[in-house]
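Each chain, written out:
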Amino acid sequence: MPNPFFEPLPDNGVINFAAIEPGHYSEAFEAGFAEQSAEITAIVGNGEPASFANTVEALERSGATLERVVSVFFNLTSSDTNEYLQTLEMEIAPRYAVHRNSIYLSRPLFERVDAIMQGDEDLNAEQRQCLAEYHRRFIRAGADLSEEGRRKVDEYAAELARLETAFSQNVLKDTNAFKLVLESEDDLAGLPQQVREMALSEGEVQGLSGKHVFTLSRSSITPFLQFSSRRDLREKLYTGYTSCGTRDVNNHELIADIIRLRDERAKLLGFVDHASFMLDDRMAKTPEAVNGLLDQIWAPAKAKVEAEAADLQAEIQAEGGNFALEPWDWWYYTEKIRSKRYGLDDETVKPYFKLENVRDGVFAVAKRLYGITFERRDDLPVYHDDVEAYEVTEASGEVIGIFLFDFFMRPSKRGGAWMNTFRDQSALDGHTTPVVVNCCNFPKSDPCLLGMDEVRTLFHEFGHGLHGLLSKVTFKSLSGTNVKQDFVELPSQIMEHWAMEPDVMRSYATHYQTGEVIPDDLIEKLNEASTFNQGFATTEYLAASYLDLAWHTEQEVEEAGANPSGFEARVADKIGLIREIDPRYKSSYFQHIFSGEHYSAGYYVYIWAEVLDADGYEAFRENGVFDEATASSFRSNILEKGGSADPMDLYVAFRGREADVEPLLRDRGLIGP
């Protein structure tokens, strides 16, 4: 069969996944590497003086075949992998890293870009931004180093790609290896019927028909920890989760090597440490600025979580429990207090949040805000039967792009939730529409009923999706989510606010059996409870952010790799983390920072962006949450601009000023209204 990676894509940009045979990947990678290398050679060998058109635009156009196979391959190794893809990934990831580095380490190519940077060519604002970003990439890659320095950077890139891929595959292997299989009624004590049915469905997926199975997916762990009255089984599942990456595999050894190599590379490139290297290309700029923000939030969060822990211990004592609160008890007793205080439990809430209704609800929000429509397209090819495809159009009927929704957990899919693209928007050679995918890990059941955290996750990832879909720039390297990393979470996190708006909730939250619209008193309780347990939520997140930053700062590097567990304990002690709470991710399965380096020294970005989103949503509250002018401003100044301008300039253009931290503290209930 002809290789689909060599065939022209249809106008909508969706490749025929079913036509891809295993050997097509290797063939396309080889051709893609050779094609782009030849294109780079041609740019360097151009006898004309360097110009934006013959150098930067030529760079933008280069690597079309490689880009096509890379987008499909690495999307599928995350969302629908198999043994063949994993084996190939271990070979390809280092080669791809070396190939990319060879471009940005090319001294002759850098000299052309640098000449344009130092010259006086008349460029528009987006061209200047594109040029500056390319110039920065060359400098950060090491193009200005000696030949020996460039060779070392190349070696670091290849080895880090290998280690980070191994880390990711180890997490998936250890995650899939652990199952809590329950067979007796006693094992199921305390679990609501919906949770039992979900576990039965998972048993079917795992080939254990008739058994109740709980996995290490958050959507499986959380309800078990919330409702199981079997403290021994809660501990077993929780310990299974927190030991991931250390049972049948050893990610601690990989972490030590990753940290060492990142630190050596940073120093070679002229930075004090890896954190300083990564933050130099973000809004925050320095580790001190990040710690300054974290510290502002840590103090009130710590005070709140200590009060929450005291409440939970009192609940244990009131029940006659003669034991100290442990991390695997937190969700269980929190759920008891939540139920008493607000009259809320999953049996009451989940029936109003059927997956399909929530999906339609977020589509309706996008239509009210931006006038866009999502139309189901069952005729479009998808990579798995679970995936739904939608064509996205403007009110005028103009097609914006294709959106794929991949909802359910499966053994071939890594944990978590994310947005990615199969094709980025651009307008360099005519308008190219994007192909965007949202991946979640909801338990597959009929019906699939979501908890509020899962509802917020769906809205969150959809916000990233809008960022990719509504992009309107010339250069693909600046489109959609190709922005400074501590800005990328603004569109996603601001979207979460609409999930909780009463009028919005009434439009999509209907009982899956009766069709009853969610009652106003239940909406009120949900909003009253929105700051409940926020001490815990904020503290576990911040603890992971501090841990990430500590791994990557100079004063910690040497001691960190030798004993990761001991290092985690020292970081926790340094910040005063109470013993009843673990960081959201322990190092051995902290994929954000060790399965790749994009989020390394960058897990803080969610709270940095939350300062922006909480402050930004105040504009919608002030003017009306569906105010046309406010929505239009957010679309034109944030969503459409991608990385085509400085992110703070974009935010100020929308808000009229820089962001204030107080709305975040109020939204989380860490200070008074």
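All residue numbers refer to position in the chain's written sequence, counted from 1. Totals for whole chains, interfaces and linings use every residue, but because this is a predicted model, local features are given only for residues with pLDDT of at least 70 and side-chain atom pairs only at 80 or more, for both listing and counting. Derived side-chain values reflect all non-hydrogen atoms in the structure, with water molecules and hydrogen atoms excluded from consideration.

## Considering the overall build of the chain
Here is step 1 of the chain: Scanning the chain from N- to C-terminus turns up 28 helices and seven strands.
Here is step 2 of the chain: Restricting the calculation to C-alpha atoms gives the radius of gyration, and the globule rule supplies 2.2 Å times the number of residues raised to the power 0.38. Over its C-alpha trace the chain gives a radius of gyration of 25 Å, about what one expects of a compact globule, namely 26 Å for 673 residues.
Here is step 3 of the chain: Taking the principal axes of its C-alpha atoms as reference, the chain extends roughly 85 × 60 × 55 Å.
Here is step 4 of the chain: Buried, partly exposed and exposed residues are distinguished by accessible area as a fraction of the type maximum, computed with a 1.4 Å probe on protein chains only: under 20%, between the cut-offs, and over 50%, respectively. For the chain, the proportion of its 673 residues judged to be buried stands at 59%.
Here is step 5 of the chain: Note on contacts: a residue pair is in contact if any heavy atoms of the two residues lie within 4.5 Å. Contacts in the chain between residues at least 24 apart in sequence constitute 74% of all its contacts with a sequence separation of at least 6.
Here is step 6 of the chain: In the form shown here, the chain has an accessible surface area of approximately 26100 Å², with 47% of it arising from carbon and sulfur atoms.
Here is step 7 of the chain: All tallies of charge rest on Lys and Arg as positive and Asp and Glu as negative; His and the ends of each chain are not included. By convention, the point assigned to a charge is CZ for Arg, NZ for Lys, CD for Glu and CG for Asp. Put simply, the chain has 66 plus and 113 minus side-chain charges, and the middle of one group is 2 Å from the middle of the other. A run of H or I in DSSP becomes a helix once it reaches four residues, and a run of E becomes a strand once it reaches two; helices and strands are each numbered from the N terminus. Here, Shrake-Rupley sampling with a 1.4 Å probe gives the accessible areas, and only protein chains in the shown set may cover a residue.

## With respect to the nonpolar core
Here is step 1 of the chain: Throughout this description, the term nonpolar core refers to a set of buried Ala, Val, Leu, Ile, Met, Phe, Trp, Tyr and Cys residues connected via side-chain atoms within 4.5 Å. Counting 161 residues, the largest nonpolar core has Phe353, Phe374 and Trp498 as its most contacted members.
Here is step 2 of the chain: Setting aside its immediate chain neighbours within four residues, phenylalanine 374 contacts Phe363, Ala366, Tyr390, Glu391, Val392, Phe403, Phe462, Leu466 and Leu469.
Here is step 3 of the chain: Leu85, Leu88, Leu380 and Val435 belong to the second largest nonpolar core, which has 30 residues in total.

## Quick word on the packing of aromatic side chains
Each aromatic ring pair is summarised here by two numbers: the centre-to-centre distance and the angle between the ring planes.
Here is step 1 of the chain: Note on ring pairs: Phe, Tyr and Trp rings are taken, using the six-membered ring of Trp, and paired if centres are within 6.5 Å. Classes follow the plane angle, with under 30 degrees stacked, over 60 edge-to-face and the rest tilted. If you walk through the whole model with that rule in mind, you get 54 aromatic pairs.
Here is step 2 of the chain: Geometrically, the ring pair formed by phenylalanine 363 and phenylalanine 405 is tilted, given 6.1 Å between the ring centres and 35° between the ring planes. Of this pair, phenylalanine 363 sits in helix 16 (residues 355-370) while phenylalanine 405 is found in strand 5 (residues 399-408), placing the two residues 42 residues apart along the sequence. In this pair, the class of phenylalanine 363 matches that of phenylalanine 405, namely buried.
Here is step 3 of the chain: Site record: aromatic cluster; members linked through ring pairs are Tyr241, Tyr541, Tyr585, Tyr589, Phe590, Tyr599, Tyr603 and Tyr606.
Here is step 4 of the chain: Between arginine 231 and the ring centre of phenylalanine 323, over which it is positioned, the NZ or CZ distance is 3.8 Å.
Here is step 5 of the chain: Either the NZ atom of lysine or the CZ atom of arginine qualifies as a charge over a ring when it sits within 6 Å of the ring centre and within 35 degrees of the ring normal. Over the ring of tyrosine 332 we find arginine 234, and its NZ or CZ is 4.2 Å from the ring centre.

## Remarks on the sheet that holds strand 6 (residues 418-423)
Here is step 1 of the chain: Any two strands with at least two DSSP bridges between them are considered paired. Strand order across the open sheet formed by five strands is 3-4-5-7-6, with mixed pairing between neighbours. Two strands lie at the open edges of the sheet, namely strand 3 (373-376) and strand 6, each paired on one side alone. Adjacent strand axes in the sheet meet at a mean angle of 30° when their direction is disregarded.
Here is step 2 of the chain: Summarising the sheet, strand 6 and strand 7 (residues 435-442) pair through five bridges and their orientation is antiparallel. Looking at strand 7, one finds that arginine 423 is bridged to valine 435. Fitted lines through C-alpha atoms give the axes, limited to the stretch in contact for helices. The angle between two N-to-C directions lies from 0 to 180 degrees.

## Regarding the side chain of arginine 196
Here is step 1 of the chain: Within the secondary structure, arginine 196 is located in helix 8 (residues 193-205).
Here is step 2 of the chain: A distance of 3.2 Å separates a polar side-chain atom of arginine 196 from the backbone oxygen of leucine 188.
Here is step 3 of the chain: Look past the residues within four positions of arginine 196 in its chain and what remains in contact with it is Glu185, Leu188, Leu191 and His212. A 3.5 Å cut-off defines polar contacts: any pair of N or O atoms within that distance qualifies, except that in protein one atom must be a possible hydrogen donor and the other a possible acceptor, and neighbouring residues in sequence count only when both atoms are side-chain atoms.

## Examining the pattern of salt bridges
Here is step 1 of the chain: The working definition used for a salt bridge is a side-chain nitrogen of Lys or Arg within 4 Å of a carboxyl oxygen of Asp or Glu. Under the counting rule described, the total for this entry stands at 60 salt bridges.
Here is step 2 of the chain: As a salt-bridge pair, arginine 579 and glutamate 326 come within 3.2 Å of each other at their nearest N and O atoms. With a gap of 253 residues between them, arginine 579 in the loop between helix 23 (564-575) and helix 24 (591-594) and glutamate 326 in the loop between helix 13 (287-318) and helix 14 (330-342) connect regions that are remote in the sequence.
Here is step 3 of the chain: The shortest N-O distance in the salt bridge between lysine 413 and aspartate 406 comes to 3.1 Å.
Here is step 4 of the chain: Residue classification places lysine 413 among the buried positions, given a relative accessible area of 3%.

## Notes on the environment of proline 22
Here is step 1 of the chain: Summarising the element assignment, proline 22 is placed in helix 1 (residues 22-44).
Here is step 2 of the chain: Exposure remark for proline 22: the relative accessible area of 45% places this residue in the partly exposed category.

## Things to note about unusual backbone geometry
Here is step 1 of the chain: Cis peptide bonds are those with omega within 30 degrees of zero, and the linkage from aspartate 446 to proline 447 qualifies with 5°.
Here is step 2 of the chain: Mapping proline 447 onto the fold places it in the loop between strand 7 and helix 17 (452-469).
Here is step 3 of the chain: You will see that lysine 285, though not glycine, has its phi angle at about 75°, which is positive.
Here is step 4 of the chain: The topology assignment puts lysine 285 in the loop between helix 12 (274-279) and helix 13.
Here is step 5 of the chain: We note that asparagine 533 has phi near 70°; this positive angle belongs to a residue other than glycine.
Here is step 6 of the chain: Along the polypeptide, asparagine 533 turns up in the loop between helix 20 (520-528) and helix 21 (534-551).

## Quick word on helix 6 (residues 125-141)
Here is step 1 of the chain: By this rule, a helix spans an expected 1.5 Å times one less than how many residues it contains. Between its first and last C-alpha, helix 6 extends 24 Å over 17 residues, near the 24 Å set by a 1.5 Å rise per residue.
Here is step 2 of the chain: Counting buried residues in helix 6 gives twelve out of 17 residues, a clear majority hidden from the surface.
Here is step 3 of the chain: Residues of helix 6 that are buried make contact with helix 2 (52-61), helix 4 (83-104), helix 5 (107-118), helix 7 (147-177) and helix 12.
Here is step 4 of the chain: The N-terminus of helix 6 is capped by asparagine 124, whose side-chain oxygen sits 3.1 Å from the backbone nitrogen of glutamate 126.
Here is step 5 of the chain: Glycine 142 sits one or two positions beyond helix 6 and adopts a positive phi of about 105°.

## Digging into the side chain of glutamine 425
Here is step 1 of the chain: Within the secondary structure layout, glutamine 425 lies in the loop between strand 6 and strand 7.
Here is step 2 of the chain: Glutamine 425 sits in the buried class, given a relative accessible area of 2%.
Here is step 3 of the chain: A polar contact is formed between the side chain of glutamine 425 and the backbone oxygen of valine 473, at a distance of 2.8 Å.
Here is step 4 of the chain: Look past the residues within four positions of glutamine 425 in its chain and what remains in contact with it is His431, Thr432, Pro434, Ser471, Lys472, Val473, Lys476 and Ser479.

From the geometry alone we can't say anything about function, so treat these as descriptive.
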